[in-house]
Amino acid sequence: MKIAVFSTKSYDQEYFENYNSEKKYDFTFFETSLTSSTANLTLGFDVICAFVNDKIDQDTIEILAKNGVKLIAMRCAGFNNVDIQSAKTHGIKVVRVPAYSPEAVAEHSVALILTLNRKTHKAYNRVREGNFSLKNLIGFNLHGKTVGVVGTGQIGAAFCRIMKGFGCNLFAYDLTESQELVEMGVQYLPIDEVFMQSDIISLHCPLTPGTKHIVNSSSLAQMKDGVMIINTSRGALINTADAIDGLAQKKIGYMGIDVYEQEEKLFFEDLSESIIQDDYILRLNSFPNVLITSHQAYFTKEAMDQITLITLDNIQAFENKQQLINEVV
Ligand code: NAD
């Protein structure tokens, strides 16, 4: 099997090469992302392996089909960037890694909460510069606070378990309720109630037409003044312009995001010597109560092991014409 890996970083290549030590598969690693402009690189490949910011829309898929690609192996859980219907029309199967380490993402969400709240990032810099003042470093106890969780699948459930340990009250909204979480004390409520009652709101649902911009000016109006919003799911769950207004008006007290609506042009790259053209990210960065990480919530050794192994298993199952247990249908 000839496999073209797109959006490759050195660590992706390292993990694939480690797990492919017997050279079972013929990998070619492309640094470029996969879009309709780069899809011509796929000529002669059976499989393409792609990631969160590759743009696998109808135009891209038409080129993949023409070039003979038969499988799109996403090395991530989300597949909002793939036109599944178009892949189906062209007889291209799509597989993904539905759950590799929900704890990795849940723990990063908690890292954002703790950093924003206790301001350890600011304390670190201050102390290193000989400034031992506590001015403006005051936080709040998580114990007893109400946390609203939108989406209680694998990651949302792991997040609930951690926050329960902090002694938080947990409210949740999902299309389906988890009995395990209800037994743990999580209370499912309509989304408006979750927005109204929570001190911290953490987003863990997928990006779909129904969830796009669920955080917007009207949902923000329902929330408590000074609410903390955490998003490690997908950037477009939040309407960025509305969030900027909410921050400027002090409606949002803290915002921690690992994903961003327009992250394709920024995240995973070192742009420290570039002139950043995205005014929204520059404005977000100007708020002292905003913390942005560049889609690193998944990035643990354990998760990388699982992503690589499951992607290889998905490809092997396809090669052996076995059932594709991780197929997106
Ligand atoms: P999952 O499929 O296990 O859970 C998603 C949950 O969202 C399900 O319970 C589903 O019923 C619920 N849901 C669907 N539509 C909803 C809606 N309209 N409102 C409320 N809930 C809804 O997925 P998961 O593994 O928990 O991952 C969640 C999301 O996290 C993924 O879709 C992906 O976008 C994101 N993610 C981010 C990273 C990262 O590194 N930042 C890594 C992995 C996944």
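No experiment lies behind these values; they were computed from the predicted model shown.

### Concerning the sheet that holds strand 4 (residues 71-74)
Read from one edge of the open sheet, five strands run 2-1-3-4-5, paired in parallel fashion. Two strands bound the open sheet, and with one partner strand each, they are strand 2 (26-29) and strand 5 (93-95). Pairwise comparison of adjacent strand axes, ignoring direction, gives a mean angle of 20° for this sheet. Pairing of strand 3 (residues 47-50) with strand 4 involves four bridges; the strand directions are parallel. Following the sheet pairing, A50 is matched in strand 4 by M74. In this fold helix 1 (residues 10-19) packs onto strand 1 (2-5), strand 2 and strand 3, with an angle of close to 175° to the strand it touches most, strand 2.

### Details of the packing of aromatic side chains
All chains considered together, the criterion is met by 12 aromatic pairs. A ring pair is formed by Y298 and F299, whose centres lie 5.5 Å apart and whose planes are at 55°; its orientation type is tilted. Residue classification places F299 among the partly exposed positions, given a relative accessible area of 40%. Cluster of aromatic residues (ring-pair linked, three or more members): Y11, F51, F268, Y298 and F299. For the cation-ring pair, K2 lies above F45, with the distance from its terminal atom to the ring centre recorded as 5.2 Å.

### A few points about the UniProt feature "domain: D-isomer specific 2-hydroxyacid dehydrogenase catalytic" (unreviewed entry) in the chain
The UniProt record annotates "domain: D-isomer specific 2-hydroxyacid dehydrogenase catalytic" (unreviewed entry) at residues 3-328. Across residues 3-328, helical content stands at 36% and strand content at 15%; the span's end C-alpha atoms are separated by 19 Å.

### Comments concerning the site of the ligand
Taken together, 23 residues form the shell around the ligand, and within it Y100, Q154, I155, D174 and T232 come nearest. In this structure, an oxygen atom belonging to the ligand sits 3.3 Å away from a main-chain N or O atom of G153. Between the ligand and I155, the relevant distance is 2.8 Å, taken from an oxygen atom to a main-chain nitrogen or oxygen of the residue. Burial of the ligand by the surrounding chains reaches 83%, relative to a free accessible area of 870 Å². Because more than half of its atoms lie within 2 Å of the grid, the ligand is assigned to the largest pocket. Of the residues assigned to the shell around the ligand, the class counts are 10 nonpolar, 10 polar and three charged.

### Some remarks on the pairing of strand 1
The pairing of strand 1 with strand 2 spans four bridges and is parallel. Residue V5 lies in a different strand from strand 2, and its bridge partner there is F29. Pairing of strand 1 with strand 3 involves three bridges; the strand directions are parallel. Each residue of the ladder has a partner; that of A4, found in strand 3, is I48.

### Things to note about the sheet that holds strand 8 (residues 187-188)
Spatially, the seven strands line up as an open sheet ordered 8-7-6-9-10-11-12, and their pairing is parallel. The open sheet has two edge strands with one neighbour each: strand 8 and strand 12 (290-292). As judged from the five bridges shared by strand 6 (residues 146-150) and strand 7 (residues 169-173), these two strands associate in the parallel manner. When the sheet's bridge partners are listed, V150 is paired in strand 7 with Y173. Against the sheet, helix 6 (residues 154-165) makes contact with strand 6, strand 7 and strand 9 (200-203), and its axis sits at roughly 170° relative to strand 6, the strand it touches most.

The rules behind the values
- Residues numbered from 1 in each chain as written.
- Predicted model: local features only at pLDDT ≥ 70, side-chain atom pairs only at ≥ 80, totals over all residues.
- Heavy atoms only, no water.
- Pairing = 2+ DSSP bridges.
- Helix = DSSP H or I, 4+ residues; strand = E, 2+ residues; numbered from the N terminus.
- Axes fitted to C-alpha atoms, helices over the stretch in contact; angles between N-to-C directions.
- Contact = heavy atoms within 4.5 Å.
- Phe/Tyr/Trp six-rings, centres within 6.5 Å; stacked < 30°, edge-to-face > 60°.
- Buried < 20%, exposed > 50% of the residue type's maximum accessible area, 1.4 Å probe, protein only.
- Lys NZ or Arg CZ within 6 Å of the ring centre and 35° of its normal.
- UniProt positions renumbered as here; feature names shortened; annotations may be inferred.
- Near = heavy atom within 4 Å.
- Polar contact = N/O pair within 3.5 Å; in protein donor to acceptor, adjacent residues only side chain to side chain.
- Areas by Shrake-Rupley, 256 points an atom, 1.4 Å probe, with all protein chains shown as cover.
- 1 Å grid on protein atoms, 1.4 Å probe; cavity = no way out; pocket = protein on both sides within 12 Å on 5 of 7 lines; lining within 4 Å.
- Sits in = over half its atoms within 2 Å of the grid points.
- Nonpolar A, V, L, I, M, F, W, Y, C, P; charged D, E, K, R; others polar.

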